[in-house]
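Residue-level structure breakdown
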Amino acid sequence: MRAPAISLTNLIGLEGVSRSDIQTLLDTGFYFRDVLDRPIKKVPILTGINVVNLFFESSTRTRISFELAEKRLSADVVNFSAAASSLSKGEGLKDTVRNIHAMKMDAVVMRHPAPGAALQLSRFVDAVVINAGDGTHEHPTQGLLDMMSIREKFGRIKGLKIGIIGDIAHSRVALSNIFGLNTMGAEVTVCGPGHLIPPFIEELGVRVNGDVDAVLEWADAVNVLRIQRERMGVGIIPSVREYRNRFGLTVERLARHKKEIVILHPGPMNRGVEIDSDVADGDQAIILDQVLNGVAVRMSVLFHLLGARGSLEEA
Amino acid sequence: MGRIAPLPKALLIEGATIYDPATGKTRRGDLAVKNGRLIEPEKLGAAKPERLDARGALVTHGFIDIHAHFREPGREDQESLESGSRAALAGGFTRVAVMPNTLPAIDSPEMVRSLLEKAERLPIVLYVIGAISRGREGLELAELLEMQAAGALAFSDDGNPIADGQVLRRALLYTKDAGTPIINHAEDLPLRDGGVMNQSALSTRLGLPGNPVEAEAAMVHRDLLIAQETGGRLHVPHVSTALTVDLVRRFKEAGVPITAEATPHHLGLTEEALRQFDTNAKVAPPLRTEADRQAVVKGLMDGAIDCIATDHAPHTVEEKEQDMIQAPFGMIGLESAFGLANTVLGPAGLAIEKLIDLLTVGPARVLGLELTPLEPGSPAELVVLRPDDEWTFSREDIYSRSRNTPLLGRLFTGRVQATVTDRAWYLRD
């Protein structure tokens, strides 16, 4: 199989990415998903390619997922983690990046606290830039892995009804989901406390509904967002109890709905807050599939942006 | 390209159309300058003047900017009195009022005096705006009357809103007899909530913290009510929203003695300038929507807004190369002010004379200044305009020490050919 080329040179976000590019990235993701089921999971596609994982914000799962994807493709990997505070100590985005550039990296995978940082980075360097989350803007590989998991479960994305529940205003996952799902023809409704719904979000082509039960009644699948503990009890979210009662995916709430609703969560979860432990571990949740698909779809992204010169046959 | 040089002993500006905003009259003729003063052209005598061919040009009073940041003292890496003055000359400005958010803040008569002393050697006239509160902290009134006696023409904590309504009220009452305007940078900070751009569908799309129009309008409304109650002299800077324009218009109609300004960038740019995360377009108050922009244009056309002021805010390349959250607010504006304003307001139907008024008569009225009559005996204070010339704003047009502007590469209609003061002149090649 020779993978069709995609039109992207960097992956900054899912906004504006074409349906066919997303389709291709997901198709190749499923191909790598098969590779991950083989006894020997490493393929020589990115041999000799240098990738740096540049994390200006703490992250465990995304960083490990990228690192695993890179290593499975035989890339040479360097990890660089810096607390966000070092940014404010005068270490400018440009400086760090120029250093990386001087080391002749082929690709930079970056997590950064500021929206737009990935696009800014791409203006400073020639290397391929992959956004691993830029503040409250986008997290495109999360959007891709969510779509891959939805497609795996339903066999399609088009025409599905997807709810996104939680703190939409501070979520890069929500935006990437919205852009990607819209492009692929799904319907999206966002749900959460009124002040955590970004203003004018309807103009992005989604519906807003503050009633979780109504959204569950409507949806084929829901993506449950993590509620940041630091927003609890500081006047933003009054209490865990109230959040759980009003917006949490509790066992009781789910039991009230007759149909099977597929449940996604980008992690890390606050069990007992936005999602009950029994729900997260139950049959309806595809949370562990998301984790595996995350590695596969990141392999796909790396392959298309860096290795598509070759063919998958060599794999 | 242009150059800035000491004024020649004698200068003859030939064949110009001359608009004098002080009288509103237009005539044709030559203007002669000798030893920094206007004289009758025939009295140039034996002096061999430099000649400036002004056929097809419009000569008028030099522009006055009542809102600029020259960063001295403390941040001379961004701008200095000297570099800021050069930027002013290149933009057609012969008088500039500088804001007190320096390091330290200009909040004492000593600071005012020291700045005015340094200004004596500048090629332009410099006015000083003192801080309203000590250290610009918004808590205790600074020595406003002593600063006024030392030469301060207005007061502002610009950059920092006066959050406490009582502090603003006291400042308005305390300076009421002096008549010096109180200029409050009106943004309700809790409502702004860390916003770095206008709150809109675009800010949501970009994931950037939004600054809602209400953050400005709510505080302006409070300020206007306090001005009405006290009869104090309030000036509203950098009006950016349709709501604010309406509020100002309404209170003016009610007879409250207020004035307001708008920046060229709020006239000529919208939040779309932020779409590619351009930190040079990050300003406070933020660039707004097209509807807001049009409302500001209308406000200038119908007199709700009194004048154009640049809010020239230099920041270093390094500062603006940070991310959208960390990069500071502000863009430079002196060099591009006339080009941008004319490009926007000309097609909107504003006569060039009216635009000149917004850059001369209007700001003079806000600060209580006299214009220089364009008559023999007056010190030279002229700008030579080419209102129909098209040009592309580029790096070489910038005389500021900084270059933080999203306008580079933009095509303007109308440019400054020359600026003349009694000490120096700017001439575009």
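Residues numbered from 1 in each chain as written. Chains lettered and ligands numbered in written order. Predicted model: local features only at pLDDT ≥ 70, side-chain atom pairs only at ≥ 80, totals over all residues.

**Observations concerning the overall build of chain B**
- For chain B, the count of helices and strands is 14 helices and 19 strands.
- The C-alpha radius of gyration of chain B comes to 21 Å, within 12% of the 22 Å expected for a compact globule of 429 residues.
- In terms of overall dimensions, chain B has C-alpha extents of about 65 × 45 × 40 Å along its principal axes.
- Pairs at least 24 apart in sequence give 77% of the contacts found in chain B among residues at least 6 apart. (Helix = DSSP H or I, 4+ residues; strand = E, 2+ residues; numbered from the N terminus. Rg over C-alpha atoms; globule rule 2.2 N^0.38 Å. Contact = placed C-beta atoms within 7 Å.)

**Looking at the domain arrangement of chain A**
Residues and elements named next belong to chain A.
- In terms of domains, chain A is made up of domain 1 (19-138 + 292-314) and domain 2 (140-290).
- For domain 1 and domain 2, the distance between their C-alpha centres works out to 25 Å.
- If you list the elements that add at least two residues to the side of domain 1 that touches domain 2, you get helix H1 (19-36), strand E4 (128-134) and helix H12 (287-307).
- When residues of the side of domain 1 that touches domain 2 are assigned to their parent elements, the largest contribution, 6 residues, is made by H12. (Domains from an automatic or database assignment.)

**Details of the pairing of strand E17 (residues 382-392) of chain B**
All names here are of chain B.
- Judged from the 4 bridges that link them, strand E6 (residues 58-61) and E17 form a sheet pairing that is antiparallel. Its bridge partner being in E17, Thr60 is matched across the sheet by Val383.
- Where E17 meets strand E18 (residues 411-420), 8 bridges bridge the pair, whose relative direction is antiparallel. When the bridges of E18 are listed, Trp391 appears paired with Phe412. (Pairing = 2+ DSSP bridges.)

**Quick word on the pairing of strand E9 (residues 125-130) of chain B**
Residues and elements named next belong to chain B.
- Buried residues dominate E9, accounting for 6 of its 6 residues.
- Where burial is concerned, the two faces of E9 agree: the one with Val125, Tyr127 and Ile129 and the one with Leu126, Val128 and Gly130 are both buried.
- The sheet contact formed by strand E8 (residues 93-98) and E9 spans 4 bridges and is parallel. Counted as the bridge partner of Val96 is Leu126 from E9.
- Where E9 meets strand E10 (residues 154-156), 2 bridges bridge the pair, whose relative direction is parallel. If you follow Ile129 over to E10, its bridge partner there is Ala154.
- In this fold, E9 hands off to helix H3 (residues 144-150), which returns the chain to E10; that crossover is right-handed. (Buried ≥ 20, exposed ≤ 12 C-beta atoms within 10 Å, placed from the backbone. Right-handed = clockwise from strand over helix to strand, strands pointing away.)

**Focus on the interface of chain B and chain A**
- With 18 residues of chain B at the interface, the matching set in chain A holds 25 residues.
- Here the side of chain B that touches chain A is composed, by residue class, of 6 nonpolar, 8 polar and 4 charged. (Nonpolar A, V, L, I, M, F, W, Y, C, P; charged D, E, K, R; others polar.)

**What to know about the sheet that holds strand E3 (residues 107-112) of chain A**
Residues and elements named next belong to chain A.
- Here 4 strands make up an open sheet; going across it, the order is E2-E1-E3-E4 and the pairing parallel. Across the chains shown, the open sheet's two edge strands, defined by having one partner strand only, are strand E2 (76-81) and E4. The average angle at which neighbouring strand axes cross in this sheet is 15 degrees, direction not considered.
- The sheet contact formed by E3 and E4 spans 5 bridges and is parallel. Bridge pairing links Val109 to Ile130 in E4. (Axes fitted to C-alpha atoms, helices over the stretch in contact; angles between N-to-C directions.)

**Comments concerning the sheet that holds strand E7 (residues 207-208) of chain A**
All names here are of chain A.
- Strand order across the open sheet formed by 5 strands is E7-E6-E5-E8-E9, with parallel pairing between neighbours. Edge positions in the sheet fall to E7 and strand E9 (262-264), since each has one partner strand and no second.
- Here strand E5 (residues 161-165) runs beside strand E6 (residues 187-191); their pairing, made up of 5 bridges, is parallel. What sits directly across from Ile165, in E6, is Cys191.

**Let's talk about the nonpolar core**
- Judged by nonpolar contacts, the single largest core of 230 residues is most densely connected at Val108(A), Val59(B), Leu126(B), Phe155(B), Val248(B) and Val384(B).
- Per-element tally for this core: the top contributor is H12(A), with 8 residues. (Core = buried A, V, L, I, M, F, W, Y, C linked by C-beta atoms within 7 Å.)

**A short note on the confidence of the model for chain B**
- Taken over all residues, the pLDDT of chain B has a mean of 97, while the share at 70 or more is 100%.
- On the interface metric, ipTM, the complex scores 0.93, and its pTM is 0.95. (pLDDT = per-residue confidence, 0-100.)

**Notes on unusual backbone geometry**
- The amide bond that connects Gly267(A) to the next residue, Pro268(A), takes the cis arrangement and shows omega of -10 degrees.
- Note on placement: Pro268(A) falls in the loop between E9 and helix H11 (277-280).
- The omega angle of the peptide bond from Glu72(B) to Pro73(B) is 5 degrees, so this bond is cis rather than trans.
- Counting through the fold element by element, Pro73(B) comes out in the loop between strand E7 (63-68) and helix H1 (81-90).
- Of note in the backbone geometry, Lys104(A) takes a positive phi value of approximately 60 degrees without being a glycine.
- Here Lys104(A) lies in the loop between helix H4 (93-102) and E3.
- Note on Lys104(A): 9 C-beta atoms within 10 Å, which makes it exposed.
- Of note in this structure, Asn35(B) is not a glycine but carries a positive phi near 50 degrees.
- With respect to the helices, strands and loops of the structure, Asn35(B) is situated in the loop between strand E3 (25-34) and strand E4 (37-39).

**Observations concerning the domain arrangement of chain B**
All names here are of chain B.
- Segmentation of chain B into domains returns domain 1 (2-59 + 375-428) and domain 2 (63-367).
- Taking only C-alpha atoms into account, the centre of domain 1 sits 26 Å from that of domain 2.
- Counting from both sides, the interface comprises 31 residues of domain 1 and, opposite them, 43 residues of domain 2.
- The set of elements that each furnish at least two residues to the side of domain 1 that touches domain 2 consists of strand E1 (2-6), E17, E18 and strand E19 (424-428).
- Residues belonging to the side of domain 1 that touches domain 2 are distributed by class as follows: 16 nonpolar, 9 polar and 6 charged.

**Observations concerning helix H6 (residues 140-154) of chain A**
Residues and elements named next belong to chain A.
- Counted at 1.5 Å a residue, the expected span for H6 with its 15 residues is 21 Å, and the 21 Å between its end C-alpha atoms agrees.
- The element H6 is largely enclosed, with a buried count of 12 among its 15 residues.
- Here H6 has its buried residues at Pro140, Thr141, Gln142, Gly143, Leu144, Leu145, Asp146, Met147, Met148, Ser149, Ile150 and Arg151.
- Gly155 sits one or two residues past H6 and shows a positive phi near 80 degrees. (Expected span 1.5 Å × (residues − 1).)

**Focus on the packing of helix H7 (residues 213-230) of chain B against helix H8 (residues 242-253) of chain B**
Residues and elements named next belong to chain B.
- Between H7 and H8, the least distance of the axes is 9 Å, while the angle of their chain directions is 10 degrees. It follows that H7 is roughly parallel to H8 by the angle criterion. Note that H7 runs across H8; the crossing there is right-handed. Together, Val213, Glu216, Ala217, Val220, His221, Leu224 and Gln228 of H7 and Leu243, Thr244, Leu247 and Phe251 of H8 make up the contact between the two elements.
- By residue class, the composition of the contact of H7 with H8 is 7 nonpolar, 3 polar and 1 charged. (Parallel < 35°, antiparallel > 145°, perpendicular 65-115°, else oblique. Left-handed = near helix turned anticlockwise from the far one by under 90°.)

**Description of the environment of Ala57(B)**
Residues and elements named next belong to chain B.
- Tracing the chain through its elements places Ala57 in the loop between strand E5 (50-53) and E6.
- Here the alpha-carbon distance between Ala57 and Phe155, two residues 98 residues apart in the chain, equals 37 Å.
- Among all residues touching Ala57, those that are not within four sequence positions of it are Ala16, Val384, Leu385, Arg386 and Gln417.

**Side note on the environment of His257(A)**
Residues and elements named next belong to chain A.
- Secondary-structure assignment places His257 in the loop between helix H10 (251-255) and E9.
- Look at His257 and you get exposed, because 12 C-beta atoms sit within 10 Å.
- Between the C-alpha atom of His257 and that of Ala214, which follows or precedes it by 43 residues, the distance is 9.9 Å.
- Leave out the neighbours within four places in its chain, and His257 touches Leu216 and Glu217.

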